[in-house]
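For reference, the chains in residue letters:
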Amino acid sequence: MPIRPATADAIADAAAALREGRLVAFPTETVYGLGADATNARAVAAIYEAKGRPQFNPLIAHVADAEDASRFAVLGPEAQALAAAFWPGALTLVLNKQPDCAIADLVTAGLDTVALRVPSHPIARTFIRAAARPIAAPSANRSGHVSPTTAAHVEADLGAKVAIILDDGPSPIGVESTVVDVSGSQPALLRAGGVTREDIEAVLGTRLAVHYGDAERPSSPGQLASHYAPRTPVRLNASSARPSEALLAFGPVAADHDGPSINLSLTGDLIEAAANLFAALRRLDAAGAATIAVMPIPEAGLGEAINDRLRRAAVR
Ligand code: TXA
Ligand code: MG
(Lines give C-alpha, C1' and ligand atoms only; values in the text may rest on other atoms or scores of the structure.)
(Ligands and ions follow the chains in the order given, each with its own letter.)
Protein backbone atom coordinates (compact mmCIF):
# COMPACT_ATOMS: atom_id res chain seq x y z
CA MET A 1 0.00 0.00 0.00
CA PRO A 2 1.68 3.25 -1.07
CA ILE A 3 -0.66 5.40 1.09
CA ARG A 4 1.14 6.93 4.09
CA PRO A 5 -0.10 9.56 6.54
CA ALA A 6 1.83 12.77 5.74
CA THR A 7 4.17 12.70 8.74
CA ALA A 8 7.60 14.39 8.69
CA ASP A 9 9.20 10.95 8.02
CA ALA A 10 6.85 10.19 5.14
CA ILE A 11 7.45 13.64 3.59
CA ALA A 12 11.24 13.13 3.84
CA ASP A 13 10.91 9.71 2.15
CA ALA A 14 8.65 11.20 -0.52
CA ALA A 15 11.16 14.00 -1.21
CA ALA A 16 14.00 11.46 -1.54
CA ALA A 17 11.90 9.29 -3.89
CA LEU A 18 11.08 12.32 -6.03
CA ARG A 19 14.74 13.30 -6.29
CA GLU A 20 15.50 9.73 -7.42
CA GLY A 21 13.10 10.22 -10.31
CA ARG A 22 10.12 8.36 -8.88
CA LEU A 23 6.49 9.51 -8.82
CA VAL A 24 4.91 10.78 -5.58
CA ALA A 25 1.26 11.70 -5.07
CA PHE A 26 0.68 14.54 -2.62
CA PRO A 27 -2.24 16.59 -1.28
CA THR A 28 -2.85 20.16 -2.37
CA GLU A 29 -5.70 22.50 -1.44
CA THR A 30 -7.31 21.88 -4.87
CA VAL A 31 -6.89 18.17 -5.71
CA TYR A 32 -4.21 15.51 -5.14
CA GLY A 33 -1.25 15.89 -7.53
CA LEU A 34 0.90 13.24 -9.25
CA GLY A 35 4.35 14.73 -8.72
CA ALA A 36 7.69 14.28 -10.48
CA ASP A 37 10.93 16.24 -10.43
CA ALA A 38 10.19 18.86 -13.12
CA THR A 39 13.89 19.11 -14.02
CA ASN A 40 14.10 15.37 -14.81
CA ALA A 41 12.60 14.59 -18.24
CA ARG A 42 12.52 10.81 -17.60
CA ALA A 43 10.60 11.31 -14.37
CA VAL A 44 8.16 13.64 -16.14
CA ALA A 45 7.71 11.07 -18.91
CA ALA A 46 6.62 8.61 -16.21
CA ILE A 47 3.75 10.99 -15.34
CA TYR A 48 2.41 10.85 -18.89
CA GLU A 49 2.84 7.07 -18.93
CA ALA A 50 1.11 6.57 -15.56
CA LYS A 51 -1.83 8.80 -16.46
CA GLY A 52 -2.14 7.56 -20.03
CA ARG A 53 -2.25 11.27 -20.91
CA PRO A 54 -1.90 12.63 -24.46
CA GLN A 55 1.57 14.10 -24.91
CA PHE A 56 0.44 17.53 -26.10
CA ASN A 57 -0.85 18.55 -22.68
CA PRO A 58 1.63 20.70 -20.74
CA LEU A 59 1.83 20.28 -16.96
CA ILE A 60 1.90 22.69 -14.01
CA ALA A 61 5.19 23.03 -12.11
CA HIS A 62 4.68 23.64 -8.38
CA VAL A 63 7.17 25.96 -6.69
CA ALA A 64 7.79 27.22 -3.16
CA ASP A 65 7.03 30.93 -3.57
CA ALA A 66 7.11 33.82 -6.08
CA GLU A 67 10.88 34.17 -5.74
CA ASP A 68 11.30 30.49 -6.60
CA ALA A 69 8.94 31.06 -9.57
CA SER A 70 11.15 33.86 -10.89
CA ARG A 71 14.06 31.38 -11.22
CA PHE A 72 12.08 29.69 -14.01
CA ALA A 73 9.85 32.37 -15.54
CA VAL A 74 9.48 36.10 -16.05
CA LEU A 75 6.86 37.70 -13.79
CA GLY A 76 5.64 40.94 -15.37
CA PRO A 77 3.52 43.51 -13.51
CA GLU A 78 0.23 41.62 -13.93
CA ALA A 79 1.82 38.34 -12.84
CA GLN A 80 3.31 40.04 -9.80
CA ALA A 81 -0.02 41.55 -8.82
CA LEU A 82 -1.78 38.19 -9.18
CA ALA A 83 0.99 36.35 -7.33
CA ALA A 84 0.84 38.88 -4.47
CA ALA A 85 -2.93 38.49 -4.23
CA PHE A 86 -3.39 34.72 -4.70
CA TRP A 87 -0.11 32.89 -3.94
CA PRO A 88 0.08 30.65 -2.11
CA GLY A 89 -3.22 29.38 -3.46
CA ALA A 90 -5.38 27.91 -6.21
CA LEU A 91 -4.08 30.07 -9.06
CA THR A 92 -1.76 28.88 -11.86
CA LEU A 93 0.03 31.49 -13.96
CA VAL A 94 1.19 30.77 -17.52
CA LEU A 95 4.41 32.78 -17.88
CA ASN A 96 7.26 33.24 -20.34
CA LYS A 97 10.14 30.91 -19.49
CA GLN A 98 13.49 32.29 -18.37
CA PRO A 99 16.14 31.61 -21.05
CA ASP A 100 18.00 29.23 -18.70
CA CYS A 101 14.83 27.64 -17.28
CA ALA A 102 15.78 24.29 -15.69
CA ILE A 103 12.29 22.85 -16.13
CA ALA A 104 12.25 20.02 -18.68
CA ASP A 105 10.72 20.72 -22.11
CA LEU A 106 8.45 17.74 -21.58
CA VAL A 107 6.70 19.68 -18.76
CA THR A 108 5.85 22.54 -21.11
CA ALA A 109 5.23 20.28 -24.13
CA GLY A 110 7.89 22.30 -25.93
CA LEU A 111 6.15 25.69 -25.45
CA ASP A 112 8.07 28.87 -24.60
CA THR A 113 5.71 29.38 -21.68
CA VAL A 114 5.51 27.52 -18.38
CA ALA A 115 2.59 27.13 -15.96
CA LEU A 116 3.62 27.75 -12.33
CA ARG A 117 1.68 27.46 -9.09
CA VAL A 118 2.54 28.01 -5.42
CA PRO A 119 0.14 25.77 -3.49
CA SER A 120 -1.03 26.81 -0.01
CA HIS A 121 -1.52 23.31 1.41
CA PRO A 122 0.95 22.92 4.31
CA ILE A 123 1.94 19.36 3.31
CA ALA A 124 2.48 20.41 -0.31
CA ARG A 125 4.61 23.35 0.79
CA THR A 126 6.74 21.23 3.14
CA PHE A 127 7.14 18.59 0.42
CA ILE A 128 8.25 21.14 -2.22
CA ARG A 129 10.81 22.65 0.15
CA ALA A 130 12.09 19.21 1.22
CA ALA A 131 12.47 18.11 -2.42
CA ALA A 132 14.16 21.42 -3.33
CA ARG A 133 12.94 20.95 -6.89
CA PRO A 134 10.10 22.38 -8.95
CA ILE A 135 7.48 19.60 -8.94
CA ALA A 136 5.51 18.85 -12.11
CA ALA A 137 2.09 17.62 -11.04
CA PRO A 138 -1.15 17.11 -12.89
CA SER A 139 -4.13 15.78 -10.98
CA ALA A 140 -3.35 12.25 -9.74
CA ASN A 141 -5.93 10.36 -11.79
CA ARG A 142 -5.85 8.31 -14.99
CA SER A 143 -6.35 10.63 -17.96
CA GLY A 144 -10.04 11.26 -18.54
CA HIS A 145 -11.10 10.10 -15.07
CA VAL A 146 -12.52 12.28 -12.32
CA SER A 147 -9.86 14.22 -10.38
CA PRO A 148 -8.85 12.81 -6.96
CA THR A 149 -9.74 14.61 -3.74
CA THR A 150 -8.62 11.82 -1.37
CA ALA A 151 -5.63 9.49 -1.13
CA ALA A 152 -7.98 6.54 -1.73
CA HIS A 153 -9.02 8.03 -5.09
CA VAL A 154 -5.33 8.19 -6.08
CA GLU A 155 -4.73 4.62 -4.95
CA ALA A 156 -7.68 3.38 -7.01
CA ASP A 157 -6.33 5.00 -10.22
CA LEU A 158 -2.55 4.95 -9.83
CA GLY A 159 -1.66 2.82 -6.78
CA ALA A 160 0.76 0.62 -8.73
CA LYS A 161 2.54 3.55 -10.38
CA VAL A 162 3.60 5.71 -7.44
CA ALA A 163 6.29 5.31 -4.77
CA ILE A 164 4.23 7.01 -2.05
CA ILE A 165 0.82 8.63 -1.70
CA LEU A 166 1.04 11.27 1.04
CA ASP A 167 -2.34 11.27 2.80
CA ASP A 168 -3.67 14.37 4.50
CA GLY A 169 -7.41 13.83 4.17
CA PRO A 170 -9.84 15.38 1.67
CA SER A 171 -8.74 18.31 -0.52
CA PRO A 172 -10.32 21.45 0.99
CA ILE A 173 -11.18 23.23 -2.29
CA GLY A 174 -11.93 20.18 -4.43
CA VAL A 175 -11.61 21.66 -7.95
CA GLU A 176 -8.34 22.37 -9.77
CA SER A 177 -6.58 25.72 -9.80
CA THR A 178 -7.68 28.57 -12.04
CA VAL A 179 -5.26 28.92 -14.99
CA VAL A 180 -4.54 32.48 -16.17
CA ASP A 181 -2.20 33.18 -19.09
CA VAL A 182 -0.20 36.35 -18.42
CA SER A 183 2.48 35.60 -21.02
CA GLY A 184 0.96 37.82 -23.73
CA SER A 185 -0.30 41.36 -24.07
CA GLN A 186 -3.71 40.55 -22.56
CA PRO A 187 -4.36 38.27 -19.55
CA ALA A 188 -6.62 35.36 -20.47
CA LEU A 189 -8.56 32.79 -18.45
CA LEU A 190 -7.59 29.31 -19.72
CA ARG A 191 -9.38 27.25 -17.06
CA ALA A 192 -11.95 28.19 -14.43
CA GLY A 193 -10.95 26.88 -11.00
CA GLY A 194 -10.54 27.45 -7.29
CA VAL A 195 -9.95 31.22 -7.50
CA THR A 196 -12.97 32.95 -9.02
CA ARG A 197 -12.82 35.05 -12.17
CA GLU A 198 -14.46 37.91 -10.24
CA ASP A 199 -11.62 37.97 -7.68
CA ILE A 200 -8.96 37.91 -10.41
CA GLU A 201 -10.65 40.69 -12.38
CA ALA A 202 -10.85 42.80 -9.21
CA VAL A 203 -7.04 42.60 -8.83
CA LEU A 204 -6.32 43.24 -12.53
CA GLY A 205 -8.92 45.99 -12.78
CA THR A 206 -10.06 44.63 -16.16
CA ARG A 207 -12.28 41.87 -17.55
CA LEU A 208 -10.42 38.66 -18.39
CA ALA A 209 -10.48 37.38 -21.95
CA VAL A 210 -11.67 33.75 -21.94
CA HIS A 211 -9.70 31.27 -24.03
CA TYR A 212 -11.22 27.94 -23.09
CA GLY A 213 -9.97 27.01 -26.55
CA ASP A 214 -11.01 24.37 -29.00
CA ALA A 215 -10.81 20.63 -28.47
CA GLU A 216 -8.72 20.17 -31.65
CA ARG A 217 -5.57 21.81 -30.29
CA PRO A 218 -6.02 22.22 -26.56
CA SER A 219 -3.54 24.53 -24.88
CA SER A 220 -4.99 23.36 -21.56
CA PRO A 221 -5.98 19.71 -20.79
CA GLY A 222 -9.06 21.06 -19.10
CA GLN A 223 -10.03 21.98 -22.66
CA LEU A 224 -10.30 18.38 -23.83
CA ALA A 225 -14.05 17.96 -24.13
CA SER A 226 -14.49 14.76 -22.08
CA HIS A 227 -11.70 15.38 -19.56
CA TYR A 228 -13.70 14.72 -16.40
CA ALA A 229 -15.91 11.85 -17.51
CA PRO A 230 -17.34 9.27 -15.13
CA ARG A 231 -18.29 5.97 -16.86
CA THR A 232 -22.00 6.61 -16.24
CA PRO A 233 -23.63 9.08 -18.66
CA VAL A 234 -24.40 12.47 -17.10
CA ARG A 235 -27.64 14.43 -17.69
CA LEU A 236 -27.40 18.14 -16.84
CA ASN A 237 -30.04 20.63 -15.67
CA ALA A 238 -32.28 17.91 -14.28
CA SER A 239 -35.23 19.13 -12.22
CA SER A 240 -35.84 15.57 -10.97
CA ALA A 241 -34.33 12.10 -11.35
CA ARG A 242 -36.00 9.10 -13.04
CA PRO A 243 -36.19 5.79 -11.10
CA SER A 244 -33.20 4.30 -13.02
CA GLU A 245 -31.02 7.34 -12.38
CA ALA A 246 -28.71 8.55 -9.63
CA LEU A 247 -29.23 12.15 -8.48
CA LEU A 248 -26.55 14.76 -7.94
CA ALA A 249 -28.51 17.40 -6.07
CA PHE A 250 -27.71 20.95 -5.05
CA GLY A 251 -29.39 23.23 -2.55
CA PRO A 252 -32.25 23.11 -0.06
CA VAL A 253 -35.04 22.38 -2.57
CA ALA A 254 -33.54 19.15 -3.94
CA ALA A 255 -35.82 16.80 -5.85
CA ASP A 256 -37.11 13.71 -3.98
CA HIS A 257 -35.37 10.56 -5.17
CA ASP A 258 -35.51 6.94 -3.97
CA GLY A 259 -32.32 5.86 -5.76
CA PRO A 260 -28.70 6.82 -5.07
CA SER A 261 -28.50 10.52 -4.30
CA ILE A 262 -25.92 13.00 -3.04
CA ASN A 263 -26.50 16.68 -2.30
CA LEU A 264 -23.39 18.78 -3.04
CA SER A 265 -24.54 21.39 -0.54
CA LEU A 266 -27.86 21.40 1.30
CA THR A 267 -27.47 25.11 2.00
CA GLY A 268 -26.58 25.98 -1.62
CA ASP A 269 -23.00 26.90 -0.65
CA LEU A 270 -20.81 26.79 -3.80
CA ILE A 271 -17.58 26.40 -1.78
CA GLU A 272 -18.95 23.30 -0.05
CA ALA A 273 -20.26 22.03 -3.41
CA ALA A 274 -16.85 22.36 -5.09
CA ALA A 275 -15.20 20.46 -2.23
CA ASN A 276 -17.72 17.61 -2.59
CA LEU A 277 -17.95 17.49 -6.39
CA PHE A 278 -15.39 14.89 -7.51
CA ALA A 279 -15.96 12.48 -4.61
CA ALA A 280 -19.71 12.67 -5.26
CA LEU A 281 -19.23 11.93 -8.98
CA ARG A 282 -17.06 8.92 -8.12
CA ARG A 283 -19.62 7.56 -5.63
CA LEU A 284 -22.58 8.01 -7.96
CA ASP A 285 -20.54 6.52 -10.84
CA ALA A 286 -20.04 3.39 -8.70
CA ALA A 287 -23.76 3.14 -7.85
CA GLY A 288 -24.61 1.33 -11.11
CA ALA A 289 -27.34 3.76 -12.22
CA ALA A 290 -28.23 4.22 -15.91
CA THR A 291 -27.52 7.96 -15.75
CA ILE A 292 -26.39 10.58 -13.25
CA ALA A 293 -28.98 13.39 -13.25
CA VAL A 294 -27.47 16.71 -12.15
CA MET A 295 -29.55 19.58 -10.79
CA PRO A 296 -28.72 23.10 -12.04
CA ILE A 297 -25.95 25.00 -10.25
CA PRO A 298 -25.67 28.80 -10.42
CA GLU A 299 -23.00 30.08 -12.84
CA ALA A 300 -21.43 32.54 -10.35
CA GLY A 301 -18.24 32.43 -8.29
CA LEU A 302 -17.04 28.81 -7.94
CA GLY A 303 -20.17 27.76 -9.88
CA GLU A 304 -18.25 28.61 -13.06
CA ALA A 305 -15.60 25.96 -12.33
CA ILE A 306 -18.17 23.42 -11.06
CA ASN A 307 -20.35 23.79 -14.19
CA ASP A 308 -17.29 23.60 -16.45
CA ARG A 309 -16.36 20.21 -14.91
CA LEU A 310 -19.98 18.98 -15.09
CA ARG A 311 -20.35 19.98 -18.76
CA ARG A 312 -17.18 18.04 -19.55
CA ALA A 313 -18.45 15.06 -17.54
CA ALA A 314 -21.60 15.09 -19.72
CA VAL A 315 -19.65 14.83 -23.02
CA ARG A 316 -19.29 11.26 -24.33
O1 TXA B 1 -5.15 22.34 -9.07
C2 TXA B 1 -4.35 22.02 -9.95
O3 TXA B 1 -3.97 22.82 -10.81
C4 TXA B 1 -3.79 20.59 -9.94
C5 TXA B 1 -3.00 20.41 -8.66
C6 TXA B 1 -2.33 19.07 -8.57
O7 TXA B 1 -2.07 21.47 -8.53
N8 TXA B 1 -3.01 20.34 -11.11
C9 TXA B 1 -3.57 20.25 -12.33
O10 TXA B 1 -2.65 20.05 -13.34
O11 TXA B 1 -4.77 20.35 -12.55
P12 TXA B 1 -3.05 19.59 -14.81
O13 TXA B 1 -1.80 19.15 -15.46
O14 TXA B 1 -4.18 18.57 -14.74
O15 TXA B 1 -3.56 20.88 -15.50
C16 TXA B 1 -2.62 21.82 -16.00
C17 TXA B 1 -3.35 22.96 -16.67
C18 TXA B 1 -3.94 22.46 -17.93
O19 TXA B 1 -5.18 23.09 -18.19
C20 TXA B 1 -2.81 22.83 -18.91
O21 TXA B 1 -3.17 22.81 -20.25
C22 TXA B 1 -2.45 24.18 -18.41
O23 TXA B 1 -2.47 24.02 -17.01
N24 TXA B 1 -1.11 24.54 -18.86
C25 TXA B 1 0.06 24.05 -18.40
N26 TXA B 1 1.09 24.64 -19.05
C27 TXA B 1 0.56 25.49 -19.93
C28 TXA B 1 1.11 26.40 -20.89
N29 TXA B 1 2.43 26.54 -21.05
N30 TXA B 1 0.24 27.11 -21.64
C31 TXA B 1 -1.08 26.98 -21.48
N32 TXA B 1 -1.67 26.16 -20.57
C33 TXA B 1 -0.86 25.43 -19.82
MG1 MG C 1 -6.53 16.75 -14.39
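As a reminder, the structure under discussion sits directly above these lines.
Read on for an overview of the structure. (Residues numbered from 1 in each chain as written. Chains lettered and ligands numbered in written order. Predicted model: local features only at pLDDT ≥ 70, side-chain atom pairs only at ≥ 80, totals over all residues. Heavy atoms only, no water.)

## Looking at the overall build of the chain
Note the threshold: Runs of H or I in DSSP of at least four residues are treated as helices and runs of E of at least two as strands, each being numbered from the N terminus. When we talk radius of gyration, it's over C-alpha atoms, and the globule rule is simply 2.2 Å times the number of residues to the 0.38. Buried residues are those whose accessible area, probed at 1.4 Å on protein chains only, stays under 20% of the maximum for their type, while exposed residues exceed 50% and partly exposed ones sit between those limits. A contact between two residues is defined here by any heavy atoms of the two lying within 4.5 Å. Method for areas: the Shrake-Rupley scheme with a 1.4 Å probe, in which residue coverage is limited to the protein chains shown.
Secondary structure summary: the chain contains 10 helices and 16 strands in total. The C-alpha atoms of the chain give 19 Å as radius of gyration, which agrees with the globular expectation for 316 residues (20 Å, within 12%). For the chain, the C-alpha atoms occupy an extent of roughly 60 × 50 × 35 Å along the three principal directions. Sorting the 316 residues of the chain into buried and exposed places 57% on the buried side. Long-range contacts, defined as pairs at least 24 residues apart, comprise 67% of the intrachain contacts of the chain with a sequence gap of at least 6. Just so you have it, the chain exposes about 12,600 Å², and 52% of that area is on carbon and sulfur atoms.

## Here we look at the pattern of salt bridges
We apply this condition: When a carboxyl oxygen of Asp or Glu is within 4 Å of a side-chain nitrogen of Lys or Arg, the pair counts as a salt bridge.
Applying the stated criterion to the full structure yields 16 salt bridges. Among the ionic pairs, arginine 117 bridges to glutamate 29, the shortest N-O distance being 2.8 Å. One end of the pair, arginine 117, is in strand β7 (residues 113-117); the other, glutamate 29, is in the loop between β2 (24-26) and β3 (33-37), and 88 residues separate them in sequence. Close ionic contact of arginine 133 with aspartate 37 constitutes a salt bridge, the shortest N to O distance being 3.0 Å. One end of the pair, arginine 133, is in the loop between α6 (122-131) and β8 (135-136); the other, aspartate 37, is in strand β3, and 96 residues separate them in sequence. Judged by its relative accessible area of 24%, arginine 133 is partly exposed. Here the salt bridges do not stand alone but share partners, grouping Glu176, Asp308, Arg309 and Arg312 into one network.

## So, the packing of aromatic side chains
Rules: In summary, the pairing rule links any two rings of Phe, Tyr or Trp, Trp by its six-membered ring, whose centres are within 6.5 Å, and it sorts them by plane angle into stacked for under 30 degrees, edge-to-face for over 60 and tilted for everything else.
Applying the stated rule across the entire model yields one aromatic pair. Between phenylalanine 26 and phenylalanine 127, the aromatic rings sit 5.2 Å apart at their centres with planes inclined by 55°, giving tilted as the arrangement. A residue pair is termed long-range when its members are at least 10 positions apart, and phenylalanine 26 in strand β2 and phenylalanine 127 in helix α6 qualify at 101 residues. The exposure class of phenylalanine 26 is buried, given its relative accessible area of 0%. The exposure class of phenylalanine 127 is buried, given its relative accessible area of 0%.

## Regarding the sheet that holds strand β16 (residues 292-294)
Put simply, the rule reads: Pairing between strands is defined by DSSP: at least two bridges between them are needed. Every axis in this analysis is a line fitted to C-alpha atoms, fitted for helices over the stretch in contact. Angles between the N-to-C directions lie between 0 and 180 degrees.
Reading across from one edge, β13-β16-β14-β15 is the order of the four strands in this open sheet, with parallel pairing throughout. The open sheet has two free edges, formed respectively by β13 (234-235) and β15 (261-263), since each of these has just one partner strand. Relative to β16, strand β14 (residues 246-249) runs parallel, the two being bridged by three bridges. Each residue of the ladder has a partner; that of leucine 248, found in β16, is valine 294. Strands in contact with helix α9 (residues 270-285) are β14, β15 and β16; relative to β14, the strand with the most contacts, it is inclined by about 170°.

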